[in-house]
Amino acid sequence: MIPKKGMIKVSDGFERIIHWWLAITCLLLILTGLGMMFHSLNFLGIPVGGLKNLKLVHNFTGILFIPALFFAILTWWREAGVFEFPEDLEWIKCAGGYLWHVDNPPETGKYNPGQKAFFLAVAVFGVLMVISGLIMWFPLGMPRGLVAWMYPLHALGLLVIFPFFFIHLYLGTIGVPGSAPAIFTGYVTRSWCEKQCPKWLKEMEETGKLEVFGEEKDAAHH
Amino acid sequence: MSEKVKLYDATKCTACRGCQLACKQWNQLPAKQTINRGTYQNPPDLQPNTWLLMRFQEISDGNGGVKWIYRKQACMHCTDAACVKVCPSGALHYTKYGTVSMDPAKCIGCKECIYACPFDVPRYDPETDKIAKCDMCFSRIDNGLEPACVKACPTGALQFGDKEKMLKLAYARVKELNGNAYVYGDKFVGGTHMIYVLPEEASVYDALPEKPRVPISVIAWKDLLKPLSLLATGGVLLGAFLHYILHGPKDTSGDQAGQGGGE
């Protein structure tokens, strides 16, 4: 997957590392967590030598999830954490053209409201997962009523995060072809940008910040 | 196999603690040194190595006097057991006798049962990183014997047998006592497999809930959020598939209409 001349840089190396760090820890947490949530999935513990080790893998992956979540929030909250009205509302009203035909869906910036909702869900429930998870790991000495409610809260976190996670996976691959290179090389086609983040593209071009593969960065004469 | 019940009649109990010792002997749970706290209740609470504890209390009799009351505390073996409901590994499980047994080999030390049990029975042992609790001497009852505590009881305060028979005995005893005594255990959490005949209100006793139930947090977790997460998973998998075959992927190629169609 080598970028071609004219492709546009949408993510830098740090963003790609954070994305993969978060993605891998998140997927591992979901799998190991499900192994403990359903008796029928207890077999997921076999590769690591049993359910007890699966618990350990889950808990320590949770520790690795914390810095990934921290840097993800720090990196993306400006672009993905703030809804902008009224344009985002217009986009939500027509579901961005993802569910039924819309002639001209409202133009979005770097991230559309669907992605913003995903970011916010991960940010808010990610923090809640960390807090509830740590209390579940070290409950002794904590108030009984508090600990008791951490388990349903943890389950709620999965209920919120998993559907977003899967839809993100679908739309980042076969649902919106051309998206995946953004997390591998960081470069996507110009036509992809025109469809997915037209406002951002214009902004970058106007300010001369757009990085195009095979072109000098400060070619602001475009 | 018929359900078995252990009946504890507090009005026949002399608090000799023979049952507590027998429990330790049969289950090989050597005592640890404790300190004299001015009570026979020793150790102060259930422990990983104390699955059965005689609890002692002095209460006012309402006429300026003192009443000395006691209760045999151990796992109640619920029919609708919150610990079994939350246990992720199946270590806590129902037996064919309706009792709740514990398989230490399966326990992963997650402590979830501690915060589910309405009777606060399971105890965590940091040395083994496992939970420990009374299993109503499964190794004995499965071989036609009565639990060690029942075997040791010298006054007949403890009896063991088929559920119907024990309940009949309990209600007959309450009738015989003809006072405040009542049966505790058959009316909640689906009916416990340890049944009490108590001479005092439940609220009088330490660490004994008046109306035990599977906690709402457990119901919200296991009966609501767990099935909902399955539904949501199915929903997004099916939804994504239908989206792909009906709506189709988004065209980000930038081709003009007709160009890619070969018209």
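Anyway, here's the lowdown on the structure attached to this text. (Residues numbered from 1 in each chain as written. Chains lettered and ligands numbered in written order. Predicted model: local features only at pLDDT ≥ 70, side-chain atom pairs only at ≥ 80, totals over all residues.)

A word on the overall build of chain A. A tally of helices and strands in chain A yields eight helices and two strands. Counted from the first residue to the last, chain A has its helices and strands arranged as β-α-α-α-α-α-α-β-α-α. Structurally, chain A occupies a C-alpha span of about 65 × 35 × 30 Å along its principal axes. Put simply, chain A has 222 residues, and 32% of those count as buried. Pairs at least 24 residues apart make up 62% of the contacts formed inside chain A by residues separated by at least 6 positions. (Helix = DSSP H or I, 4+ residues; strand = E, 2+ residues; numbered from the N terminus. Buried ≥ 20, exposed ≤ 12 C-beta atoms within 10 Å, placed from the backbone. Contact = placed C-beta atoms within 7 Å.)

Formed by 94 residues in total, the largest nonpolar core has its most connected members in Leu 52, Ala 82, Cys 83, Cys 113, Ala 116, Cys 117 and Cys 149 of chain B. Of all the elements, helix α5 (residues 144–172) of chain A adds the most residues to this core, at 10 residues. Taken domain by domain, the makeup of this core includes at least three residues from each of domain 1 (4–213) and domain 2 (215–248) of chain B. Setting aside residues no more than four positions away along its own chain, Cys 83 of chain B makes contact with Leu 92, Val 100, Cys 113, Ala 116, Cys 117 and Pro 122 of chain B. Of all hydrophobic cores here, the second largest spans 11 residues; its members include Met 7, Val 10, Cys 193 and Cys 197 of chain A. (Core = buried A, V, L, I, M, F, W, Y, C linked by C-beta atoms within 7 Å. Domains from an automatic or database assignment.)

A word on the interface of chain A and chain B. Interface size is often expressed as the accessible area that is lost when the parts come together. In this complex, chain A contributes 36 residues to the contact, which on the side of chain B involves 29 residues. Mapped onto the side of chain A that touches chain B, the elements with two or more residues apiece are α1 (13–37), α2 (51–80), α5 and α7 (190–196) of chain A. Per-element tally for the side of chain A that touches chain B: the top contributor is α5 of chain A, with 15 residues. A per-class count over the side of chain A that touches chain B returns 24 nonpolar, seven polar and five charged. (Nonpolar A, V, L, I, M, F, W, Y, C, P; charged D, E, K, R; others polar.)

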